[in-house]
Amino acid sequence: MIFRRDIEGLRGLAVLLVVLAHAGVAQLPGGFVGVDVFFVISGYLITGLLAGQLKQDGRIDLWVFYARRVRRLLPAFALMVTVSGLAAIWLLPAAAWGLQADSGRWAALWSSNIYFASAEFDYFSPGASASLFLHTWSLGVEEQFYLVWPWLLWGAWRWRGRTGLAIACWTVAIGGYLLGMVATQVASWQAYYQTPFRLWQLAAGGAMCLTFGAIRLRSGPSRAARMVGVLMLLVAAVLFAPDRIVYPGAWAAVPVVGTALLLLQGDRGTSVTWLEHPSVRFLGRISYSWYLWHWPLLVLSASCFGKSVEVGLISALVSLCVAWATWHLVERPALALPIGDGRRWVLAGLGGAVVLAFAGLGWSHAAAVQQPAGTAAPHPLLRTIAMPALYQRRDCDEWFRADRVVPCTLVDPPGEHRPTVMLVGDSVAAQWSPALEDIARRGQWHLVVLTKSSCPMVDHPFIYQRINRRFVECERWRDGVIAYLRQHPADLLILGSTADYPFSPQEWETGTRSLLTRLHGMAGRTLILAPTPLLPFDGPRCATSRVGQWTDAERQSRCSVDLDSVRDRVIVQRLQVAARGARGVRVLDLSDAVCPGGRCRAEDGGALIYRDGQHLNATYVRRLAPELASQPEFQALGR
């Protein structure tokens, strides 16, 4: 195939979109579509290569084909997996090793997409985003594409020559797109990661190559196609925020068609474009290495120094330098090595994958030994983590797996006519239950908790990223809570949510007001707990980090943040506005108590304050019980 400088530049654009989006650049929330661009380019190039071989020889030399894939992908990939694993062992606490080892093992076998699609992450676990190898899911999809695509094209060629190739590509592209739309509605998480629902994007690239690859458009149509293609990619990168749309689904056609238009060839007068600028082509040349390194460095830096745009951009720049070194020292020398008959390369690739997988298996075993199930965590600070008692009953919070309302009675004193306090909200509301238990026991009040993790007390639908779809169970659960309160009114109703939802300030206000209207008359008084300040880092991980061998004083300084920088005053103000028109409703902001002296800390006095980046530790919450009990709503219950 003829080398095209514009395709190299298109790779550069794709990797730039991905890296900037992952670094946290707010203006490019949909930059993840750069992965879709890579899929289309890969399909275009691989299909063209295989079609040329079929035309010339009437067959595909599979040994040589797979040897080229191994030579191209394995050296840099093996280096990244090895170095990232060693860095995690050095920098991360042993409690974080399990996820890294498991996902690393699947990544070594080029199948991490299957792992992330099937893993059952607990709500309070960090989830897939904390894995150093999350980004390798797309490499798994491509490798699985390489396994099936040569056989499919060979069969199509035997059936009807080049026409059969085009028919096969267009059939897979169109049929796969329709299948992906259905799968996104039924099982969005599977649709995002699994190869059968992504194969159409690679097939679309192949269809473009076979249909338009040899055609050169005149300057007018060529420029128009490129302008439309660039516009489609920009629209996707700017507007496709993952908390606003369900992806891939029908939306995936936008970056795919945009990329396809940019793959069309113009005549000599329009062949030189901004995609061929040396700086863009440089990014394209090292795009594979940059993609490999950017995510592990982002995860490690966020774990050690906190998550912010500044930290993300610095990590992206460092990963760019590492990528250039990898290209210069590893990728380019490997590509210069002869292929031969291909068997040695394929066997080397299989052997390397097995060695890395066994290393991951040993790491998993080491993680299990460091922290066996049901035993105390090894680090003294981690031993101070305590969960609210309500989580001892699994049906008290069924997360997204159910929508039924399960009232959990935590305090039930003997006697009649005892006041009832009801706590309703998400897991951040539930974090206050230990303090409320102490208060209720002293006051001899009933305490009932209705909680659903990640379900805000805002009457507004939203896309929940952890499940990649609209959280309809939350909406039905809120309806069920209102029905329950209608039958069991409370003397004091306490509502709470975290600030980490994709609502605009106006949606916070209107959604809260709508919920309060529906709750009218169902409680004597209503207290809305303002969101707890969110840390820009994971509290326990920062407090147990090994970076720089910090002293206790240095650790407390680094693992803390100014309250003013993390207090969401806009949301608090909107909650207060929503509560003004509701009788007996007040908003309580305990941020100053949570963060005394204007500093929000991960730990204090050898005990953790936060058990992650947003939930307070149960032992610390109990220390705040007097502050909560002094509020007039509780004083009124005692009269």
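Residues numbered from 1 in each chain as written. Predicted model: local features only at pLDDT ≥ 70, side-chain atom pairs only at ≥ 80, totals over all residues. Heavy atoms only, no water.

A tally of helices and strands in the protein yields 26 helices and 14 strands. For a compact globule of 639 residues, the expected C-alpha radius of gyration is about 26 Å, and the protein comes in at 28 Å, within 12% of that figure. The 639 residues of the protein split such that 56% are buried. The long-range fraction of contacts in the protein, counting pairs at least 24 apart against all pairs at least 6 apart in sequence, stands at 81%. (Helix = DSSP H or I, 4+ residues; strand = E, 2+ residues; numbered from the N terminus. Rg over C-alpha atoms; globule rule 2.2 N^0.38 Å. Buried < 20%, exposed > 50% of the residue type's maximum accessible area, 1.4 Å probe, protein only. Contact = heavy atoms within 4.5 Å.)

By the definition in use, this model includes four disulfides. Each sulfur in the disulfide pair Cys396 and Cys408 lies 2.0 Å from the other. Of note, the bridge from Cys396 to Cys408 carries an S-S torsion of about -115 degrees and is left-handed in sense. Residue Cys396 is located in the loop between helix H14 (343-370) and strand S3 (408-411), and its partner Cys408 is located in strand S3; the two are separated by twelve residues in the primary sequence. Cysteine pairing for the protein, with bonded cysteines counted in sequence order: 1-2, 3-4, 5-6, 7-8. Take Cys321: it sits in no disulfide, and the sulfur closest to it among the cysteines is that of Cys304, at 19 Å. (Disulfide = S-S within 2.5 Å.)

All right, on to empty space enclosed by the protein then. Think of a ball as big as a water molecule: rolled over the atoms, this probe shows where empty space is left. Scanning all chains against the criterion turns up five cavities of 30 Å³ or more. Computed from the structure, the largest cavity encloses a volume of approximately 90 Å³. For the largest cavity, the full set of lining residues is Met457, Leu495, Gly496, Ser497, Trp508, Thr512, Leu515, Leu516, Ile528, Leu529, Pro531 and Leu575. Of all elements in the fold, only strand S8 (490-496), helix H18 (505-518) and strand S9 (523-529) reach the threshold of two or more residues within the lining of the largest cavity. Considering each element in turn, the lining of the largest cavity owes the most residues, four residues, to H18. (1 Å grid on protein atoms, 1.4 Å probe; cavity = no way out; pocket = protein on both sides within 12 Å on 5 of 7 lines; lining within 4 Å. Points joined across faces, edges and corners; volume = space filled by probe spheres on them.)

In this section: the nonpolar core. Counting residues in hydrophobic clusters, the biggest one holds 116 residues, and the most contacted among them are Leu10, Phe77, Phe116, Trp137, Trp149, Tyr247 and Tyr288. Sort the elements by how many residues they give to this core and helix H3 (residues 62-91) lands first, with 14 residues. Apart from the residues within four sequence positions on either side, Trp149 is in contact with Ile46, Thr47, Leu50, Cys169, Val172 and Ala203. If you look at the next biggest cluster of nonpolar residues, it comprises 48 residues, including Trp445, Tyr610, Tyr620 and Leu624. (Core = buried A, V, L, I, M, F, W, Y, C linked by side-chain atoms within 4.5 Å.)

Taken as a whole, this structure holds 31 aromatic pairs when the rule is applied. Residues Phe240 and Tyr247 carry aromatic rings whose centres are separated by 6.2 Å and whose planes lie at 55 degrees to one another, so their mutual orientation is tilted. One exposure class covers both Phe240 and Tyr247, and it is buried. Linked through ring pairs, Phe39, Trp106, Tyr115, Phe116, Trp137, Trp189, Tyr192 and Tyr193 together constitute an aromatic cluster. Here Arg69 stacks its cationic end above the ring of Phe65, 5.1 Å away from the centre of that ring. In this structure, Arg611 is placed above the aromatic ring of Phe124, and the distance from its NZ or CZ to the ring centre is 4.9 Å. (Phe/Tyr/Trp six-rings, centres within 6.5 Å; stacked < 30°, edge-to-face > 60°. Lys NZ or Arg CZ within 6 Å of the ring centre and 35° of its normal.)

Bringing the confidence of the model for the protein into the picture now. For the protein, per-residue confidence averages 91 on the pLDDT scale, and 95% of positions sit at 70 or higher. Low confidence marks residues 372-376, where pLDDT is under 50. Its contacts with residues over four positions away, or in another chain, come to one contact. (pLDDT = per-residue confidence, 0-100.)

Attention shifts here to the sheet that holds strand S4 (residues 420-425). Sheet architecture is open: six strands sit in the order S3-S5-S4-S8-S9-S11, paired in mixed fashion. Sheet topology places S3 and strand S11 (585-588) at the edges, where each strand pairs with a single neighbour. Going from strand to strand, the sheet's axes swing by 25 degrees on average, the running direction of each strand aside. Across six bridges, S8 lies against S9 in parallel orientation. Bridging across to S9, Leu495 finds its partner in Ile528. Running over the sheet, helix H16 (residues 433-443) touches S3, S4, strand S5 (446-451) and S8 and is turned about 55 degrees from S3. (Pairing = 2+ DSSP bridges. Axes fitted to C-alpha atoms, helices over the stretch in contact; angles between N-to-C directions.)

Before going further, it helps to spend a moment on the pairing of S8. Burial of S8 is extensive: six of the seven residues sit out of reach of the surface. Here S4 pairs with S8 via five bridges, running parallel. Bridge pairing in S8 places Gly425 opposite Gly496. Note on the crossover from S8 through H18 to S9: the handedness is right-handed. (Right-handed = clockwise from strand over helix to strand, strands pointing away.)

We now examine the environment of Thr420. One can find Thr420 in strand S4. The spatial distance from the C-alpha of Thr420 to the C-alpha of Trp251 is 48 Å, given a sequence separation of 169 residues. Those residues in contact with Thr420 that lie beyond four places of it in its chain are His446, Ala490, Asp491 and Leu492.

Remark: helix H9 (residues 219-239) packs on helix H10 (residues 253-263), axes separated minimally by 8 Å, with the N-to-C direction vectors making an angle of 150 degrees. As judged from the angle between their axes, H9 and H10 are roughly antiparallel. Along this stretch, H9 crosses H10, giving a crossing that reads as left-handed. Counting all contacts with H9, which are made through Ala225, Arg226, Val228, Gly229, Val230, Met232, Leu233 and Ala236, the residues of H10 involved are Ala253, Val254, Pro255, Val257, Gly258, Thr259, Leu261 and Leu262. For the contact of H9 with H10, the residue count by class is twelve nonpolar, three polar and one charged. (Parallel < 35°, antiparallel > 145°, perpendicular 65-115°, else oblique. Left-handed = near helix turned anticlockwise from the far one by under 90°. Nonpolar A, V, L, I, M, F, W, Y, C, P; charged D, E, K, R; others polar.)

Turning our attention to the side chain of Glu143. With respect to the helices and strands, Glu143 occurs in helix H6 (residues 137-186). Among buried charged residues, Glu143 stands out as having no salt bridge; its nearest opposite-charge side chain is Arg69, 6.4 Å away. Leaving out residues up to four positions away in the same chain, Glu143 has contacts with Leu73 and Trp110. (Lys, Arg positive; Asp, Glu negative; His and termini not counted. Salt bridge = Lys/Arg side-chain N within 4 Å of Asp/Glu carboxyl O.)

On to the environment of Leu317, then. Positionally, Leu317 belongs in helix H13 (residues 309-335). On the basis of relative accessibility, which here comes to 54%, the residue Leu317 falls in the exposed class. The sequence separation of Leu317 and Leu297 amounts to 20 residues, and the corresponding C-alpha distance is 10.0 Å.

The N-to-C vectors of helix H1 (residues 5-23) and H13 enclose an angle of 145 degrees; their axes lie 8 Å apart at closest approach. For the pair H1 and H13, contact is made by Val19, Leu20 and Ala23 and by Val309, Gly312, Leu313 and Ala316, respectively.

Moving on, we come to helix H12 (residues 287-305). Along its 19 residues, H12 runs 26 Å from first to last C-alpha, staying within 8% of the 27 Å computed at 1.5 Å per residue. By the criterion of burial, H12 is predominantly enclosed, with 17 of the 19 residues buried. Taken from the residues just after H12, Gly306 is the one with a positive phi, measuring 95 degrees. (Expected span 1.5 Å × (residues − 1).)

What follows covers the pattern of salt bridges. Summed over the entire model, instances satisfying the criterion amount to 27 salt bridges. Here Arg5 ties to Glu276 by a salt bridge, and the two come within 3.1 Å at their closest N and O atoms. On the criterion of sequence distance, the pair formed by Arg5 in helix H1 and Glu276 in the loop between strand S2 (265-266) and helix H11 (278-285) is long-range, its members being 271 residues apart. With relative accessibility at 41%, the residue Arg5 sits in the partly exposed group. Residue classification places Glu276 among the buried residues on the basis of a relative accessible area of 11%.

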